[in-house]
Amino acid sequence: MLEQNEVERKWLYKIYDLAENEAWLTEKAKDGFILTKFDNTYATFEKSEPQNNNYKIVILDEEKAERQIKIIEHQGFTFVANYKEYYIFYIDNKWRNKSPHLSGEMAEVVTGWFDKQIRKQIIGLLISISIIAVLLFFELYKNLFATFLVSITIWRFILYGSILGVGFFQLIREIFLLCRSKNFFLEHNKYLKIRTFITSKIGRAITLIFIFVGIFGSAGTTYLDYKTDKGFSSVSEIYESMPIVLIQDIENQNEVNGQLLETQKEIDLDEYNYVDPESTLLSPKQYKAYQTYKSNAGDKCSMRMKYHEVVGKTLARMLAKEIAIYEADENKINKLEFKGLDKVYVYQDSHEKIISVCKGKRVMFIRYNGHQPVKKIISEMSEVLGNEET
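Residues numbered from 1 in each chain as written. Predicted model: local features only at pLDDT ≥ 70, side-chain atom pairs only at ≥ 80, totals over all residues. Heavy atoms only, no water.

Caption draft 1: Examining the overall build of the protein chain more closely. Helix and strand counts for the protein chain stand at 10 helices and 15 strands. Sequence separation of at least 24 residues holds for 62% of the intrachain contacts in the protein chain that already meet a minimum separation of 6. Summed over its atoms, the accessible surface of the protein chain is roughly 21900 Å², and 54% of this surface lies on carbon and sulfur atoms. (Helix = DSSP H or I, 4+ residues; strand = E, 2+ residues; numbered from the N terminus. Contact = heavy atoms within 4.5 Å. Areas by Shrake-Rupley, 256 points an atom, 1.4 Å probe, with all protein chains shown as cover.)

As structure tokens, this is what we get:
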């Protein structure tokens, strides 16, 4: 419970950031706020006349603190308060360059305390790195290239990366602060004290950048989720701008009494027939599509597609293989040779057929549930991919 003339303020910096907190307490005293007590989070001040107190924060062994306080007081300092191992003293500002002299025993305690805190932060940093590595491994395993070709996953990586970046940077900053405080405390390095506000501002600026990037990533992810829900196109709309295999061609539904009819391209947009197009830097033309067909005999087949037109032929070949591995068991995928296609990867069982092909800079993937043979599906894919555009 605060007295009438007392105010409580949150520490501006971590309590072990000694140089900055000493400067802050000194400034508060000049404004008439005199420290009376504190804990790990808050400092309590008594409103009084401005004073020229120059504060010093000292790390002491709690078991031997009484004797060590007297040693420091004999050097001209006045003891104010303590919280755990943190002890705060002040001296008149005309002696502002004077620091408490530590005996060998006291210096050894302080060194051990700082080393322990630094080790704890390093362990936290290593754990964070391990978590990030595991998350990236499971996110990118078998799906590395595709992840950075699709807008929604790019934005999610920006969002997740910024969140992890804030935590990662804060741990590094904590280690830096501890090392800096250790050097400042033991060596009374004035240069460190002069530079302390600048480095702190840089650290806060970097943290804010990560936060704004995270907000940007969150907004991008939300927008793309909304756009995906509202932005499906019909197969007919995509047919003229990008190559697409029509399920009716695979099912021979454009053939009547042995006569080949013109393919029916006007396929209405519904929950069973749609295309989700988009564009990214590495894959300017791409889409995901889903088609279904029910024959007069009642047989139903379906087809899920992906198409990418990427910036390089090498990337196309790697992507074709990666998509196949991601969609099926790698050990059961067969690599085939097919005239007119650079790479062909196939998996099939009694229920479905998975085909991933590339031609030049174009990659096409089909997951087909139906009765048509693999060769026919590959033939249709080769035909629609046609000659590569230059």
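More follows now that the structure is in view.
Caption draft 2: Molecular detail of the nonpolar core. In terms of nonpolar packing, the biggest core is built from 42 residues, with Trp 11, Leu 25, Leu 35, Phe 38, Tyr 55, Tyr 86 and Ile 88 touching the most fellow members. When residues of this core are assigned to their parent elements, the largest contribution, 6 residues, is made by helix 3 (residues 104-140). Sequence-distant contacts of Trp 11, that is, excluding residues within four places in its chain, are made with Asn 21, Trp 24, Leu 25, Phe 38, Asp 39, Asn 40, Thr 41, Tyr 42, Ala 43 and Ile 88. Core analysis: the next-biggest nonpolar cluster, separate from the first, contains 28 residues, Val 245, Val 275, Met 305 and Val 346 among them. (Core = buried A, V, L, I, M, F, W, Y, C linked by side-chain atoms within 4.5 Å. Buried < 20%, exposed > 50% of the residue type's maximum accessible area, 1.4 Å probe, protein only.)

Caption draft 3: Here's a closer look at the packing of aromatic side chains. What the rule picks out here adds up to 11 aromatic pairs. For the pair Trp 113 and Phe 114, a centre-to-centre distance of 4.9 Å together with 80° between the ring planes defines the contact as edge-to-face. The exposure class of Trp 113 is buried, given its relative accessible area of 12%. Where Tyr 274 meets Tyr 290, the ring centres are 6.1 Å apart and the plane angle is 35°; that geometry is what we call tilted. Of this pair, Tyr 274 sits in strand 9 (residues 274-278) while Tyr 290 sits in strand 10 (residues 285-294); the two residues are 16 residues apart in sequence, bridging distant segments of the chain. Overall, Tyr 274 belongs to the partly exposed group, its relative accessible area being 23%. (Phe/Tyr/Trp six-rings, centres within 6.5 Å; stacked < 30°, edge-to-face > 60°.)

Caption draft 4: Geometry of the pattern of salt bridges. Evaluation of the coordinates by the stated rule reveals 7 salt bridges. The partner of Glu 327 in a salt bridge is Arg 304, and the shortest N-O contact between them spans 3.1 Å. Residue Glu 327 is found in helix 9 (residues 313-327), and its partner Arg 304 is found in strand 11 (residues 300-309); the two are separated by 23 residues along the sequence. For Glu 327, a relative accessible area of 13% corresponds to the buried category. A relative accessible area of 29% means that Arg 304 is categorised as partly exposed. A salt bridge links Glu 309 to Arg 362, with the nearest nitrogen and oxygen atoms 3.9 Å apart. (Salt bridge = Lys/Arg side-chain N within 4 Å of Asp/Glu carboxyl O.)

Caption draft 5: Layout of the sheet that holds strand 12 (residues 334-336). Spatial ordering of the open sheet is given by 9-10-11-15-14-13-12, a layout of 7 strands whose pairing is antiparallel. The open sheet has two free edges, formed respectively by strand 9 and strand 12, since each of these has just one partner strand. Going across the sheet, the axis of each strand differs from the next one's by a mean of 15°, ignoring polarity. In this sheet, strand 10 lies alongside strand 9 in antiparallel orientation, the contact comprising 5 bridges. Opposite Asp 276, over in strand 10, you have Lys 288 as the bridge partner. Where helix 10 (residues 374-385) meets the sheet, it contacts strand 11, strand 12, strand 13 (343-348), strand 14 (353-359) and strand 15 (362-369), and its direction lies at approximately 30° from that of strand 14. (Pairing = 2+ DSSP bridges. Axes fitted to C-alpha atoms, helices over the stretch in contact; angles between N-to-C directions.)

Caption draft 6: Expanded view of the sheet that holds strand 3 (residues 42-47). Spatial strand order, 1-3-2: 3 strands in an open sheet with antiparallel pairing. Single-partner strands in this sheet number two, and they are strand 1 (6-10) and strand 2 (33-38). The mean angle between the axes of side-by-side strands here comes to 35°, regardless of whether they run parallel or antiparallel.

These values are about where atoms sit, not about what they do.
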